[in-house]
Structure formats: C-alpha cells, structure tokens
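Residues per chain are reported as follows:
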Amino acid sequence: VPDVLAAIRPDEQSFALLLHLVGATVVFGALLASATSILLARGDTRLLRLGSPCCWWGCPG
Amino acid sequence: VSFEDWIFSLHLLMAATLVGSLVMSWIVVVSLLSAHTPGATLNLSRVGMVGTVTTVIGLVGAIAFGIWLAILRDAFQVWDGWVIAAIVLWCVAAVALWRSFVEYAKPVEKARGLIAAGETSPSAELTALNRSSTGLLLRALASAAIVLIVIDMIWKPGA
C-alpha cells in the first residue's frame, strides 16, 4: 500500500506533505515537552510554566 | 498488512520520535538561556534528559528500520544516491547531537558541584555554560541535517 500511495502522490503535493510533517512533529515535540515538564515539575514554578502551553509563546522558562 | 508495511510504519514512528524529540530539546535549550541558578539548571536538565533518550531512540530506530526497509523493498536499494545522502546526513546529525549532548552536560556537572558546595544562588559561570554557543551551533547543525533528511525522504531526488 505505501508503494502505491507513493507512486500516485503527485510531485506538487510534496511541499504540502513537508509542511504537514513539520507541523505534526512540532506539535508532538511540544506536547512531549509539556507533559514531561509537568510530570517532573515537583512543584517547580519554572517547569510548570514551561509545561503550560499558554506560556510558550511569550515567556519560555 | 505485510511485514514490509510494519517495518515502514516503525521507520516513520522512529522518524517522528526523532524530530519531535528535537523540537522538545529546542524548547529546553531556549529555556536554559534564562536559567541562572543550579536548581533551575538541574530541573531543566531532567526534562532535557527525557528528550535526549527519545532522540537517541529515534536516531537509532530511524536508521535501522530505514536500512531494513531499503533492503526489503524492490523499488529502491541502499546504494541509491538519495539513500546514501540520507545516511551521510544521518551521520552528520548523529555526531553533532552527540557533541551537543556532551556540551550540555557541562552546566549540569557545574550545577551539581555548586549544590554540593552549598551554593544555590545565581552563578555567572553557570549562566555562561547554559548559554553555550557551541552547543547551540551543534544543535542547529543537527537540526538542519535532519530537516534535509526529511526533504530527501519526501522528494527522493534521482529515484
């Protein structure tokens, strides 16, 4: 099945696929960082802030 | 679903683990820039250690299942140009990541030393180690190599 899918995927979809993969892995990495920070926080404010998604955009750490 | 499909799935899973872990490690590295105390450094290093372990798992798994897939599939071979390019880029990424892990171990050792000596206040030397430009450059080099591998895997130039 993957061979067939790769064979029928037009070249013009490659960039969209790249964006899709980059977006998906960024979300995965961010969730992994968030979950790990919260799980390992042990009350540490810095890690709790790092684990809070709303803080990532303005004040990491 | 064939055995080959399972190997392909595991290859993709390992690749996603690798890139996701790199994103996570970048979040930790950026956070380390504002860590001035031994306690903050050690707390962030605990989170970074999870990223390091998953990065290594993704790095080893992606190349192992990738080569296995290249052997199993008739459509391409291990000695195809785009496969060799990916292997070379993988080697660049692996060496750069290994050296960056060594670089980011230095502030952890320093922080442990400071805590053992009873010093918990901000340290200029520790801040400098946390802001290591060598570590950042190595991490950036590894990330660039891995992005190029993803591009190589999607476009498969010459295939």
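Residues numbered from 1 in each chain as written. Chains lettered and ligands numbered in written order. Predicted model: local features only at pLDDT ≥ 70, side-chain atom pairs only at ≥ 80, totals over all residues. Heavy atoms only, no water.

Enquirer: Where do I start with the overall build of chain A in this structure?
Expert: The helix and strand tally for chain A stands at 4 helices and 0 strands. Mapped in sequence order, the helices and strands of chain A form the string α-α-α-α. When each of the 61 residues of chain A is scored for burial, the buried share is 33%. For chain A, the computed accessible surface area is about 3,900 Å², with 72% contributed by carbon and sulfur atoms. (Helix = DSSP H or I, 4+ residues; strand = E, 2+ residues; numbered from the N terminus. Buried < 20%, exposed > 50% of the residue type's maximum accessible area, 1.4 Å probe, protein only. Areas by Shrake-Rupley, 256 points an atom, 1.4 Å probe, with all protein chains shown as cover.)

Enquirer: What am I meant to see in the interface of chain B and chain A here?
Expert: How big an interface is tends to be reported as the loss of accessible area on association of its parts. Taken together, the contacts link 27 residues of chain B with 27 residues of chain A. Both faces combined, the contact of chain B with chain A buries some 2,200 Å², and carbon together with sulfur accounts for 71% of it. Across the contact surface, chain B and chain A share 0 salt bridges. In this structure, the connection of chain B to chain A is made through 3 residue pairs in polar contact (both at pLDDT 80 or more). Elements supplying a minimum of two residues to the side of chain B that touches chain A: helix H1 (3–32), helix H2 (38–72) and helix H5 (133–155) of chain B. Of the residues in the side of chain B that touches chain A, the class split is 16 nonpolar, 7 polar and 4 charged. (Contact = heavy atoms within 4.5 Å. Buried area = accessible area lost by both parts, 1.4 Å probe. Salt bridge = Lys/Arg side-chain N within 4 Å of Asp/Glu carboxyl O. Polar contact = N/O pair within 3.5 Å; in protein donor to acceptor, adjacent residues only side chain to side chain. Nonpolar A, V, L, I, M, F, W, Y, C, P; charged D, E, K, R; others polar.)

Enquirer: I keep staring at the packing of aromatic side chains and nothing clicks. Help me out?
Expert: All names here are of chain B. Tallied over the full model, the rule gives 3 aromatic pairs over all chains. Seen in terms of ring centroids, Phe65 and Trp68 are 6.1 Å apart; in terms of plane orientation they differ by 10°. Their pairing is stacked. Linking Phe65 with Trp68, this pair stays in helix H2, spanning 3 residues, or about one helical turn. Residue Phe65 is classed as buried on the basis of its relative accessible area, which comes to 18%. Aromatic rings pair up to connect Phe3, Phe65 and Trp68 into one cluster. Of note, Arg73 hangs over the ring of Phe8, and the distance from its end group to the ring centre comes to 4.7 Å. (Phe/Tyr/Trp six-rings, centres within 6.5 Å; stacked < 30°, edge-to-face > 60°. Lys NZ or Arg CZ within 6 Å of the ring centre and 35° of its normal.)

Enquirer: It is not clear to me how unusual backbone geometry should be interpreted in this structure. Could you clarify?
Expert: A negative phi angle characterises most non-glycine residues, just as the trans form characterises most peptide bonds. We note that A:Arg42 has phi near 50°; this positive angle belongs to a residue other than glycine. With respect to the helices, strands and loops of the structure, A:Arg42 is situated in the loop between helix H2 (14–40) and helix H3 (45–51). A positive phi is found at B:Lys156, a non-glycine position, where the angle reads about 45°. Turning to its location among the elements, B:Lys156 is positioned in the segment after H5. The exposure class assigned to B:Lys156 is partly exposed, which follows from its relative accessible area of 27%.

Enquirer: Please explain the layout of surface pockets as it appears in this structure.
Expert: Residue and element names in this part refer to chain B. Its boundaries defined by the atoms lining it, the second largest pocket holds a volume of some 430 Å³. Lining the second largest pocket are 21 residues; nearest its centre among them are Ser45, Met49, Thr52, Tyr104 and Val108. Taken together, the elements giving at least two residues each to the lining of the second largest pocket come down to H1, H2 and helix H3 (81–116). With 8 residues, H3 is the single largest residue contributor to the lining of the second largest pocket. For the lining of the second largest pocket, the class distribution of residues is 11 nonpolar, 7 polar and 3 charged. (1 Å grid on protein atoms, 1.4 Å probe; cavity = no way out; pocket = protein on both sides within 12 Å on 5 of 7 lines; lining within 4 Å. Points joined across faces, edges and corners; volume = space filled by probe spheres on them.)

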